[in-house]
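# Examining the three-dimensional arrangement
Here's the letter readout for the chains.
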Amino acid sequence: MTARDWRVFAGIGHPDLKAQLVGSERAYLENHVDAAVAKLKRQGVTVGISRMDAGFGLILARKIVENGMHLWAYRPGPWQAEGWPPALRREWDYLCTRASAIEDVSPFRTEAAHRMCDRALFDAADVGLAWWNGERHGREFQALQYAVGQRQIPVIRLDPTARDEEQALTLPTEAAWRRRLDARELVPA
């Protein structure tokens, strides 16, 4: 599959990221997510999927909408935003109303619902986008292993440690993403 065949992308990043970032760090993330979404749109991608978490998910969903793409909101369940601070809940509600499609994977509030949501968004995608620091544990890592290993879709990595756009974002060729992601980043040692 080449970039010309991509129509749907799914994004994933740390769900608590928003609370950890302030000021210039948050602007850095938002600028790079915006650049990635715009670049995917120029490649012919028309749909972006977000898991709608309070961190990366809401930032991604907003950038999908701002770039004029269709937003598909994949949520672990309709209960996802229960207990969130009011401002985040309002943003979640607003972005859900802007979504072309909403997929709730479970009525039950469980860790399994979150894992099922991660898999469901990559099941629907032609390409992935990950704000990932390379850690080899946790739900993000497991979801990326699934995307690359089982679904065999390319995943574009936004590197949180890079400090310029050329280092932070690349749309790899198929050979490059398979070589880089299969062997070195996503296969457990």
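Everything that follows concerns the structure shown earlier in this document.
In what follows, the accompanying structure is described.

## Description of the sheet that holds strand S1 (residues 8-13)
What the six strands build is an open sheet, ordered S4-S3-S2-S1-S5-S6; its pairing is parallel. Edge positions in the open sheet fall to strand S4 (101-104) and strand S6 (155-158), since each of these has one partner strand only. With direction set aside, neighbouring strand axes in the sheet form an average angle of 20°. With four bridges connecting them, strand S3 (residues 70-75) and S4 associate as parallel partners. Paired with Arg-75 across the two strands is Asp-104, which belongs to S4. Sheet strands touched by helix H3 (residues 56-66): S1, strand S2 (47-50), S3 and strand S5 (127-131). Its angle to S2, the strand with the most contacts, is close to 160°. Sheet strands in contact with helix H5 (residues 111-123) are S1, S2, S3 and S5, and its direction is about 150° off that of S1.

## As for the pattern of salt bridges
When the charged atoms of two side chains with opposite charge come close together, those side chains can pair. By the definition in use, this model includes 12 salt bridges. Across the salt bridge formed by Glu-66 and Lys-63, the nearest N and O atoms sit 3.3 Å from each other. Taken together, the positions of Glu-66 and Lys-63, both in helix H3 and three residues apart, correspond to about one turn of that helix. Judged by relative accessible area, Lys-63 falls into the buried class, the value being 10%. Measuring nitrogen to oxygen at the nearest pair gives 2.7 Å for the salt bridge that ties Arg-75 to Asp-104. With Arg-75 in strand S3 and Asp-104 in strand S4, this residue pair connects regions lying 29 residues apart in the sequence.

Scoring rules and cut-offs
Residues numbered from 1 in each chain as written. Predicted model: local features only at pLDDT ≥ 70, side-chain atom pairs only at ≥ 80, totals over all residues. Heavy atoms only, no water. Pairing = 2+ DSSP bridges. Helix = DSSP H or I, 4+ residues; strand = E, 2+ residues; numbered from the N terminus. Axes fitted to C-alpha atoms, helices over the stretch in contact; angles between N-to-C directions. Contact = heavy atoms within 4.5 Å. Salt bridge = Lys/Arg side-chain N within 4 Å of Asp/Glu carboxyl O. Buried < 20%, exposed > 50% of the residue type's maximum accessible area, 1.4 Å probe, protein only.

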